[in-house]
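# Structure assessment
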Amino acid sequence: MELSNFCRLKCSPSWCTGPACATPETSPCILCAAACLPVWPPSPYILWTCYAPALQRRVYKTLRNAVVTMYRTEGPLVFYKGLNPTLIAIFPYAGFQFSFYSSLKHAYEWAMPAEGKKNGAVISPNLGKSCCSWMVMGEPRREEYKMQSFDAATQQLLKTALKDPGAVDLEKVANVIVDHSLQDCVFSKEAGRMCYAIIQAESKQAGQSVFRRGLLNRLQQEYQAREQLRARSLQGWVCYVTFICNIFDYLRVNNMPMMALVNPVYDCLFRLAQPDSLSKEEEVDCLVLQLHRVGEQLEKMNGQRMDELFVLIRDGFLLPTGLSSLAQLLLLEIIEFRAAGWKTTPAAHKYYYSEVSD
């Protein structure tokens, strides 16, 4: 193995990821050469083992004299006498290093996948309450789904869909999840996680998208009847908006939000920003929570509609009558939140949410 080959091995992108390799002042090949020096002949250890005994007999005057004399008397191969045992020691070490790295990388991806890291998610205080749950160990990471509000047969159906999607009717599963999301506000806040896990499991098992197609068809049906849903049940309407925003937050196509859901989500948020909706604290609370969750993603997909939405929110905040003090506080907070680049300072968070708690 030549030194240049060893340098290329050590400087491959999958290994050279530390800050030292990223700085222009330090060349990666220089670092690799420094790492190779202890094992590359002429080995100082070999020279010293030859030089030290002769030092007592004063055969060599200096280390340089020893190198020159050894080269003249025994030839250049004298400096390579330790190469074979060194390579024998290095090969198993390098093999273990690569295998352990690959194993640990797979273990890390299983425990903490990139898709599971969601930015800007709003945590509901209800999720912290103790309740029955089921752990799915076969997914890329451990997921906890709250199924205590389902009957035993439905719980078994969902568990099977998560573990073995091909064994159940996935369109029926999609309808069950949507129906329950429209009735249970707590479940609607985390149903997107379950839907994402079923989609992933189906894709790995069969390479199909039956569940996703059924889910989107059902969401479209409810979207087209959203005014009737709001008139029939304000809670059902709020649950639907929460659910569709949750689905938008989790489902990805080529690591991007689904374009098919951008305008429906915007339309739902626009409806929540109308004057008759702003007079109801439940809808104001839903509007603010969903903007915290998906507002930044929506603005990246369509910034013009986000500007129009916040014109409505601003005008609603300035309404002379009809808004409660809590609704005014929430609207002011989301206006300031967006103005700061979808971020909030600890001081602003303490101010607004201490007021909400009070």
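Residues numbered from 1 in each chain as written. Predicted model: local features only at pLDDT ≥ 70, side-chain atom pairs only at ≥ 80, totals over all residues. Heavy atoms only, no water.

## Considering the packing of helix α17 (residues 303-317) against helix α18 (residues 325-339)
In the contact formed by α17 and α18, the axes pass within 10 Å of each other and the chain directions differ by 145 degrees. Here α17 and α18 pass one another in a crossing that is left-handed. Each of Met306, Asp307, Phe310, Ile313, Arg314, Gly316 and Phe317 in α17 lies in contact with α18, whose residues at this interface are Gln328, Leu331, Leu332, Ile334, Ile335 and Arg338. Broken down by class, the residue content of the contact of α17 with α18 amounts to eight nonpolar, two polar and three charged. (Axes fitted to C-alpha atoms, helices over the stretch in contact; angles between N-to-C directions. Helix = DSSP H or I, 4+ residues; strand = E, 2+ residues; numbered from the N terminus. Left-handed = near helix turned anticlockwise from the far one by under 90°. Contact = heavy atoms within 4.5 Å. Nonpolar A, V, L, I, M, F, W, Y, C, P; charged D, E, K, R; others polar.)

## Concerning the packing of aromatic side chains
This structure, assessed with the given rule, holds five aromatic pairs. Ring geometry for tyrosine 196 and tyrosine 250: centres 6.5 Å apart, planes at 45 degrees, overall tilted. One end of the pair, tyrosine 196, is in helix α10 (residues 191-206); the other, tyrosine 250, is in helix α13 (residues 234-250), and 54 residues separate them in sequence. We classify tyrosine 196 as buried; its relative accessible area is 19%. Relative to tryptophan 342, the ring of phenylalanine 310 has its centre 6.0 Å away and its plane inclined at 80 degrees; by these criteria the two rings are edge-to-face. One end of the pair, phenylalanine 310, is in helix α17; the other, tryptophan 342, is in the loop between α18 and α19 (346-357), and 32 residues separate them in sequence. Per residue, the accessibility class of phenylalanine 310 equals that of tryptophan 342, and both read buried. (Phe/Tyr/Trp six-rings, centres within 6.5 Å; stacked < 30°, edge-to-face > 60°. Buried < 20%, exposed > 50% of the residue type's maximum accessible area, 1.4 Å probe, protein only.)

## A few points about the pattern of salt bridges
All chains considered together, the criterion is met by 12 salt bridges. Where arginine 230 meets aspartate 276, a salt bridge forms, and the shortest distance between an N and an O atom there is 3.6 Å. With a gap of 46 residues between them, arginine 230 in helix α12 (residues 226-232) and aspartate 276 in helix α15 (residues 275-278) connect regions that are remote in the sequence. Taking relative accessible area as the criterion, arginine 230 reaches 15% and is therefore assigned buried. One network of salt bridges, with partners in common, ties together Glu227, Arg230, Arg271, Asp276 and Glu283. (Salt bridge = Lys/Arg side-chain N within 4 Å of Asp/Glu carboxyl O.)

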